[in-house]
Each structure stands twice: as structure tokens, then as C-alpha cells.
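# Chain and residue survey
Here's the letter readout for the chains.
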Amino acid sequence: MSEMNINEIFKILPHRHPFLFVDRVIEIIPSSNGGRVGRKVIALKNVTFNEPFFPGHFPENPVMPGVLILEAMAQVGAIGHHLDDDPEMSFLFAGIEKSKFKKPVIPGDTLIMTVEIIAEKSRMNKLVGVAKVNNVTVAESIFWAYASPVNNPI
């Protein structure tokens, strides 16, 4: 599948407003072996002034919180983790190895996120994500996520 609309995203991610930070998947690039490692997802988030975090972050200078940019990249990673024959899964942050925030993300921006699964061991995934606005990198991160069947979270 190369593109996903919001209804298709709802089938994979349990997140809903106000905590869903993926509006559309632009492309899923499969790994060379058909597994998860090497799989890359490119997705977008339209950042609007109506986001619930802007009134408090910050009233005079609205900026998308960096932790929410990381959360958005993790949600893109969860989409990348999902394979068609998977049972319903939970995909949870397990750690942040390295992150950099280079420019603020403000209302009106379109956040384009590219996330690749670079390692998988048991239920742990290591991912690298890059977020861009107007083709300029605004954030990048190496992070870990834990995947588990919904009926067996540990």
C-alpha cells in the first residue's frame, strides 16, 4: 500500500483526536526482504491553529511542543511496524536514544515525517525519524518502541 487516508490510519492506530498526529500516509516503502527492518513510512500532519496545545504553548508565540513531534513520528513508526497479517497491536514508546529540534513548528505548517525501522529484536523496534517543514529538517530522532498484541501487553 503506497498511500493511506485517515480512515485507513484509524484501522491501525488506536489514537483519536486530540492525540492523533498523522493525517495521511504519503508512501510506505517496503523493506528489501518484506519484513519490518528497512521499512520506511512517509506521512504528514497538517498543523493548524486549532490544535488543543497552542493556547498554552505559547499564547503569544504558538509552537508545537517537541515531545508531540516525537509522538507524531512514533505514530508513523507504528504504521510502519504494522504488517497485514498482524493481530491487533499496541505500539508504545520504550526510549529515546537521541533527538534534536532544529526549528519551531507553527500553525500553518505541514509536517512531513519519514520514519524507518532500522532494527527489530523480539518485540522491540529501533527507529530513526526525520520531520521536515518545507523540505527543511525541524526535528530528528532515534527512538525505541515496544510492540505487543493488545490481549498480551507484556
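Our structure's up above, just so we're on the same page.
About the cut-offs
Residues numbered from 1 in each chain as written. Predicted model: local features only at pLDDT ≥ 70, side-chain atom pairs only at ≥ 80, totals over all residues. Heavy atoms only, no water. Helix = DSSP H or I, 4+ residues; strand = E, 2+ residues; numbered from the N terminus. Buried < 20%, exposed > 50% of the residue type's maximum accessible area, 1.4 Å probe, protein only. Core = buried A, V, L, I, M, F, W, Y, C linked by side-chain atoms within 4.5 Å. Contact = heavy atoms within 4.5 Å. Polar contact = N/O pair within 3.5 Å; in protein donor to acceptor, adjacent residues only side chain to side chain.

On to the environment of P52. Residue placement: P52 occurs in the loop between β2 (40–46) and α2 (66–81). Residue P52 is classed as partly exposed on the basis of its relative accessible area of 46%. Put simply, P52 and H17 are 35 residues apart on the chain and 9.6 Å apart in space, counted from C-alpha to C-alpha.

Our next topic: the nonpolar core. Counting residues in hydrophobic clusters, the biggest one holds 38 residues, and the most contacted among them are M64, M73, I79 and L111. Among the elements of the structure, β1 (24–29), β2, α2, β4 (110–121), β5 (124–133) and β6 (136–149) are those that each provide at least two residues to this core. If you tally residues by element for this core, the top one is α2, at 9 residues. Once you skip the residues sitting within four places of it in the chain, M64 turns out to touch F21, V47, F53, F54, H57, I69, V105 and L111.

Turning our attention to the side chain of E51. Among the structural elements, E51 can be located in the loop between β2 and α2. Separated by 2.9 Å, the side chains of E51 and K45 make a polar contact. Setting aside residues up to four positions removed in sequence, E51 forms contacts with K45 and N46.

Here the bond from H17 into P18 is cis, since omega is 10°, no more than 30 degrees from zero. Tracing the chain through its elements places P18 in the loop between α1 (6–10) and β1. Geometrically, the link from H57 to F58 is a cis peptide bond, its omega value of 0° lying close to zero. Tracing the chain through its elements places F58 in the loop between β2 and α2. Phi is positive for N134, close to 50°, though the residue is something other than glycine. Assignment of secondary structure puts N134 in the loop between β5 and β6. Its relative accessible area of 72% is what places N134 among the exposed residues. Backbone geometry places N135, a non-glycine residue, at a positive phi of 65°. Position of N135 among the secondary structure elements: in the loop between β5 and β6.

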